Amino acid sequence: MNATALPARVKSNLPFNRLNDIFVKFIFATENNKKFLIDLLNAVFKECPPPCVNGEITDVFYEDRELPSFHIYEKGSRLDIRAKTDQGQIIDIEVQCKLDKTILDRSLYYFSKVFGSQPIKGEPYDKLKPVIVISLLKENYFPNRPKEIYFSGRPEELYFPNCPKQIYFPNRPSEYVRSFSMHDDQTNELLENKKETLIFIEIKKCLKLGDKDKSRLTRWMNYLGNPSDRVIEEIAAKDKIIAEVMEAEEVFRDDTKQMDDYALREMVDMEIDSAWAEGKAEGRAEGKAEGIAEGIAIGEARGEAKGAIKNTIAMAKRMIAAGLNRETIKEVTKLTDSQLAEIM
């Protein structure tokens with residue numbers, strides 16, 4: 001594949017991908033656009049308030065996205081967006097554009113890394129700050145909620161009949177947002193320290209709601225996930241923040257350097273998709289040769305992983321040969337400093 005020819009094709013023939021890693025960081029992880037992150041967080045927390053959040057967030061402070069490795073064989077990690085709020089919560093936002101069956105494990109891993117990386121030497125453990133991991137999922141992961149939800153007007157009488165216990169809810173749960181904290185398995189009582197929250201937002205389910213849900217979070221998810229410029233323009237006509245985001249988007253799209261990085265990220269994603277497909281086919285063949293279903297599954301997984309890693313490293317080497325700087329390569333390929341050091 002010609003690494004110098006693809007960016008123009010990406011720009012001209014494909015709809016603009018607002019979930020592109022480079023663009024997401026431009027909108028939500030730069031000081032000039034900090035108000036957009038604050039607005040998004042308040043939209044998420046209004047829909048599903050984490051136990052550790054009190055009222056609206058008024059400011060955020062960006063933190064290092066590179067997570068430390070605690071031993072030599074540990075996998076390096078780089079977060080999409082990391083910030084601390086004016087209330088002290090540490091926020092990790094991850095954007096997942098592919099259907100990932102390991103998303104729950106991945107989110108727990110990121111939570112544990114962020115929570116455990118806080119400086120605590122000489123301080124009591126209660127000084128550790130709450131961590132909230134928010135995953136924006138392009139594809140649906142969770143099954144739909146049960147339709148048989150009873151609500152007679154009193155909050156204590158709203159519950160899911162299919163739950164093993166009667167777990168009561170003060171409001172009808174959202175169809176596209178899932179929020180998890182630690183609770184007592186027997187009484188459902190919230191863990192007292194309130195320092196752990198995992199939130200998953202399924203963008204595709206949100207888009208299906210159409211005009212049924214006009215919350216701020218729905219407007220944000222439509223902006224990020226809806227390929228129709230007409231729909232987004234209609235939202236912007238009624239929403240000042242989304243209108244300002246669209247103005248920021250125009251600045252991004254007029255910036256040649258930003259769009260080159262954007263196009264490279266799209267190219268990497270396409271090559272990874274191709275590598276996953278090839279690896280899956282190769283792994284399936286290996287599994288069939290073993291003659292067992294488990295072998296097929298294991299072979300697919302190994303093939304997907306090997307193919308994706310191989311193509312990402314090959315892409316990084318081409319970018320190095322083209323003279324791109326280290327930070328651009330890290331942003332586009334999502335390789336860590338230690339991984340890049342092995343090939344540079």
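We now turn to the structure provided with this report. Note that the structure is a prediction, hence the values are computed from the model and not measured. (Residues numbered from 1 in each chain as written. Predicted model: local features only at pLDDT ≥ 70, side-chain atom pairs only at ≥ 80, totals over all residues. Heavy atoms only, no water.)

**Thoughts on the overall build of the protein chain**
Right, so step 1: The helix and strand tally for the protein chain stands at twelve helices and eight strands.
Right, so step 2: Taken across its 344 residues, the protein chain has 44% of its residues classed as buried.
Right, so step 3: Accessible surface computed for the protein chain: about 19100 Å², of which carbon and sulfur atoms make up 53%. (Helix = DSSP H or I, 4+ residues; strand = E, 2+ residues; numbered from the N terminus. Buried < 20%, exposed > 50% of the residue type's maximum accessible area, 1.4 Å probe, protein only. Areas by Shrake-Rupley, 256 points an atom, 1.4 Å probe, with all protein chains shown as cover.)

**Quick word on the nonpolar core**
Right, so step 1: The biggest cluster of nonpolar side chains holds 62 residues, and the ones touching the most others in it are Phe28, Phe45, Ile134, Ile201, Trp220 and Met221.
Right, so step 2: Here this core gets eight residues from one element, more than from any other, and that element is helix α3 (residues 34-47).
Right, so step 3: In terms of nonpolar packing, the next biggest core, distinct from the first, is built from 13 residues, Ile103, Val114, Phe142 and Phe200 among them. (Core = buried A, V, L, I, M, F, W, Y, C linked by side-chain atoms within 4.5 Å.)

**Considering the pattern of salt bridges**
Right, so step 1: Within the structure shown, the criterion is met by 19 salt bridges.
Right, so step 2: Here glutamate 244 makes a salt bridge to lysine 35, at a shortest N to O gap of 2.7 Å. Residue glutamate 244 is located in helix α8 (residues 240-253), and its partner lysine 35 is located in helix α3; the two are separated by 209 residues in the primary sequence.
Right, so step 3: Residue classification places lysine 35 among the partly exposed positions, given a relative accessible area of 43%.
Right, so step 4: Taken together, the shared-partner salt bridges connect Arg18, Asp229, Glu249 and Arg253 into one network. (Salt bridge = Lys/Arg side-chain N within 4 Å of Asp/Glu carboxyl O.)

**Considering the side chain of aspartate 80**
Right, so step 1: Among the secondary structure elements, aspartate 80 is positioned in the loop between β3 (77-78) and β4 (81-85).
Right, so step 2: What makes aspartate 80 buried here is its relative accessible area of 4%.
Right, so step 3: Within the structure, aspartate 80 has its side chain in polar contact with the backbone nitrogen of valine 95 (distance 2.8 Å).
Right, so step 4: Setting aside residues no more than four positions away along its own chain, aspartate 80 makes contact with Asp21, Lys25, Arg65, Asp92, Ile93, Glu94, Val95 and Lys334. (Polar contact = N/O pair within 3.5 Å; in protein donor to acceptor, adjacent residues only side chain to side chain. Contact = heavy atoms within 4.5 Å.)

**Focus on the packing of aromatic side chains**
Right, so step 1: What the rule picks out here adds up to 14 aromatic pairs.
Right, so step 2: An angle of 15° between the planes, with centres 4.9 Å apart, marks the rings of phenylalanine 16 and tyrosine 262 as stacked. Remark: tyrosine 262 occurs in helix α9 (residues 256-290) and phenylalanine 16 occurs in the loop between α1 (6-13) and α2 (21-28); sequence separation between them is 246 residues. The two residues phenylalanine 16 and tyrosine 262 agree in class, both being buried.
Right, so step 3: Aromatic side chains phenylalanine 28 and tryptophan 220 sit 5.4 Å apart centroid to centroid with 55° between the ring planes, which places their arrangement in the tilted category. You can see phenylalanine 28 sitting in helix α2 and its partner tryptophan 220 sitting in helix α6 (residues 216-225), a full 192 residues away along the chain.
Right, so step 4: Residue classification places phenylalanine 28 among the buried residues on the basis of a relative accessible area of 1%. (Phe/Tyr/Trp six-rings, centres within 6.5 Å; stacked < 30°, edge-to-face > 60°.)

**Here we look at the pairing of strand β5 (residues 90-96)**
Right, so step 1: Across the seven residues that make up β5, a large majority, seven, are buried.
Right, so step 2: Residues of β5 alternate between two faces, with Ile90, Asp92, Glu94 and Gln96 on one and Ile91, Ile93 and Val95 on the opposite face, all of them buried.
Right, so step 3: With four bridges connecting them, β4 and β5 associate as antiparallel partners. Following the sheet pairing, arginine 82 is matched in β5 by aspartate 92.
Right, so step 4: Joining the antiparallel neighbours β4 and β5 is a turn of four residues, in which glycine 88 adopts a positive phi near 105°.
Right, so step 5: Pairing geometry for β5 and strand β6 (residues 131-137), over seven bridges, is parallel. (Pairing = 2+ DSSP bridges.)

**Description of a negative patch on the surface**
Right, so step 1: Taken together, the side chains of Asp184, Asp185, Glu189 and Glu192 define an acidic patch exposed on the protein surface.
Right, so step 2: If you trace the backbone, glutamate 189 turns up in the loop between β7 (177-180) and β8 (196-202).
Right, so step 3: Since its relative accessible area comes to 55%, glutamate 189 is described here as exposed. (Patch = residues over 30% accessible without salt bridge, like charges linked within 9 Å, V, L, I, M, F, W, Y side chains within 5 Å. Lys, Arg positive; Asp, Glu negative; His and termini not counted. Charge placed at Lys NZ, Arg CZ, Asp CG, Glu CD.)

**Description of unusual backbone geometry**
Right, so step 1: The phi angle at lysine 194 is positive, at roughly 55°, despite the residue not being glycine.
Right, so step 2: Position of lysine 194 relative to the elements: it lies in the loop between β7 and β8.
Right, so step 3: According to the relative accessible area criterion, lysine 194 is partly exposed, its value standing at 37%.

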